[in-house]
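Spelled out, the chains give:
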Amino acid sequence: MKDRHYADEGMDIRKYMLCLLGKLPLILGAAAGGALLGLIVYAVVRTVPESEREYEAYAKVYLDFAADETGEVYQAYNGYTWNDLMAADPIMELTLANLSADYTREEAAAAIKAEILSDIRLLTITVTTNGAERTDAILGAAVQALETYGGQAKEFLEIHAIQKTEAKLVVADNRMAQAAFLGAFLGLLLSLLGFSLYYVTDDRIFVAGDVKKVTDASFVGYASGVETLKQDYEKNLAYLRGKIGDIQIYESDGDASFSEEELQNMRRAGGVVLSLPYGKVHGAFVSYVIGQLEVQDCALCGVAVRDADERFLRRYYGKNKT
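For clarity, every value in this text was computed on a predicted model and none was experimentally measured.

Draft legend 1. Looking closely at the pairing of strand β1 (residues 55-65). Relative to strand β3 (residues 122-129), β1 is paired through eight bridges, and the arrangement is antiparallel. Within β3, the position partnered with V61 by the bridge is L123. Note: β1 against strand β5 (residues 168-169), two bridges, orientation antiparallel. Bridged to E56 within β5 is K168. Note that β1 and strand β4 (residues 156-164) share seven bridges and pair antiparallel.

As structure tokens, then:
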């Protein structure tokens, strides 16, 4: 009996690919399931509680600068300056004066953002809070405060709003496609890894190469499944009978319960051919059966496979051989 060292055997890539092809619907199903799971997880994570949602509105304010002592317009204002000005008095005091008492200085200062995007004369005020009404109220109060400030400060002739929007819910970037793709990729990857792990640990007997991993005894052939391969089996069996004499065929069905009569017949015969059902017995079991035959002085002269999958064998060996 041959010592079994599966780790030393190369992978039968052809068999692997054919087995993988047979599992393709399951693998694609896993990919589809992964895509669906990715969408579900994304939808759950992306759903923001009402109390944490943000609403945003903005206004475009035109700054009409006055001239300084030299006759030049004031140039000291930029985006950073306006952020500080909006949070400081007198503008913040004017803003709070336009709001009800339940608005605090801290809330208003945190909600308002002021920036000069390109033209120094065009100021953008953006307000973000957790409620649409409060966003609109703070933006309106800030714009009124700026218009009032424009009439008081010597640096300006006038400040007035040229555009103002209403609060809208801030919607995060829609990445459903990416979530579905990632879920499908992970489903595909995990299913392939799972199949590969199952394949390398599955020592069931399918083809001649699987038999060679278990024993050095000759592979007699396929007793049934593909007609031309069956003819090879019958020719090989006839040759062994002509060479050895009486051949006993022991058809194993997944057990090693030899009757005394079977053992006596196999001992008297010139050799024994162990016939295995296609894909239903493991190499470990075959090794055990072969060991039992050796102990009982039954000469194993070959191994055969019966009831093989004709379609699989045609693909495995190619059309020229089937």
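Draft legend 2. Examining the nonpolar core more closely. Among the nonpolar cores identified, the biggest contains 33 residues, and I205, Y222, M266, L274, V286 and L313 are the most heavily contacted of them. When contributions to this core are tallied by element, the ones reaching two or more residues are α8 (208-212), β6 (219-222), α10 (260-268), β8 (271-277), α11 (283-295), β9 (300-306) and α12 (310-317). Ranked by the residues each element gives to this core, the list is headed by α11, at five residues. Excluding residues within four positions of it along the chain, M266 makes contact with Q248, Y250, F258, V272, L293 and C298. Counting 31 residues, the second largest nonpolar core, distinct from the first, contains Y55, F65, M86 and F156.

Draft legend 3. Structural context of helix α6 (residues 132-152). Its 21 residues place the ends of α6 31 Å apart at the C-alpha level, agreeing with the 30 Å of an ideal helix rising 1.5 Å per residue. If you check which residues of α6 are buried, you get T135, I138, L139, G140, A141, A142, V143, A145, L146, Y149 and G150.

Draft legend 4. Seen up close, the side chain of T126. Within the element layout of this structure, T126 appears in strand β3. Under the relative-accessibility criterion, T126 is labelled buried at 13%. Once residues within four sequence positions are removed from consideration, T126 is found in contact with E56, A57, Y58, A111, I112, K113 and E115.

Draft legend 5. Representation of the packing of aromatic side chains within the structure. Under the definition given, this model contains 13 aromatic pairs. An aromatic cluster is defined as three or more aromatic residues linked by ring pairs; in this entry it consists of F206, F219, Y222, Y278, F312, Y316 and Y317. For the cation-ring pair, R134 lies above Y103, with the distance from its terminal atom to the ring centre recorded as 3.9 Å.

Draft legend 6. Representation of the pattern of salt bridges in the model. By the definition in use, this model includes eleven salt bridges. When the shortest N-O distance is used, the salt bridge between D210 and K15 registers 2.9 Å. Here the residue D210 occupies a position in helix α8, and K15 occupies one in helix α1 (residues 13-22), the gap between them amounting to 195 residues. With respect to class, D210 is no different from K15; both count as buried. Here R314 and E310 are joined by a salt bridge, their closest N and O atoms 2.8 Å apart. Note that R314 and E310 are positioned in helix α12 at a spacing of four residues, about one turn of the helix. Looking at R314, the relative accessible area reads 32%, which means it is partly exposed. On the basis of relative accessible area, E310 is assigned to the partly exposed category, the value being 35%.

Conventions and cut-offs
- Residues numbered from 1 in each chain as written.
- Predicted model: local features only at pLDDT ≥ 70, side-chain atom pairs only at ≥ 80, totals over all residues.
- Heavy atoms only, no water.
- Pairing = 2+ DSSP bridges.
- Helix = DSSP H or I, 4+ residues; strand = E, 2+ residues; numbered from the N terminus.
- Core = buried A, V, L, I, M, F, W, Y, C linked by side-chain atoms within 4.5 Å.
- Buried < 20%, exposed > 50% of the residue type's maximum accessible area, 1.4 Å probe, protein only.
- Contact = heavy atoms within 4.5 Å.
- Expected span 1.5 Å × (residues − 1).
- Phe/Tyr/Trp six-rings, centres within 6.5 Å; stacked < 30°, edge-to-face > 60°.
- Lys NZ or Arg CZ within 6 Å of the ring centre and 35° of its normal.
- Salt bridge = Lys/Arg side-chain N within 4 Å of Asp/Glu carboxyl O.

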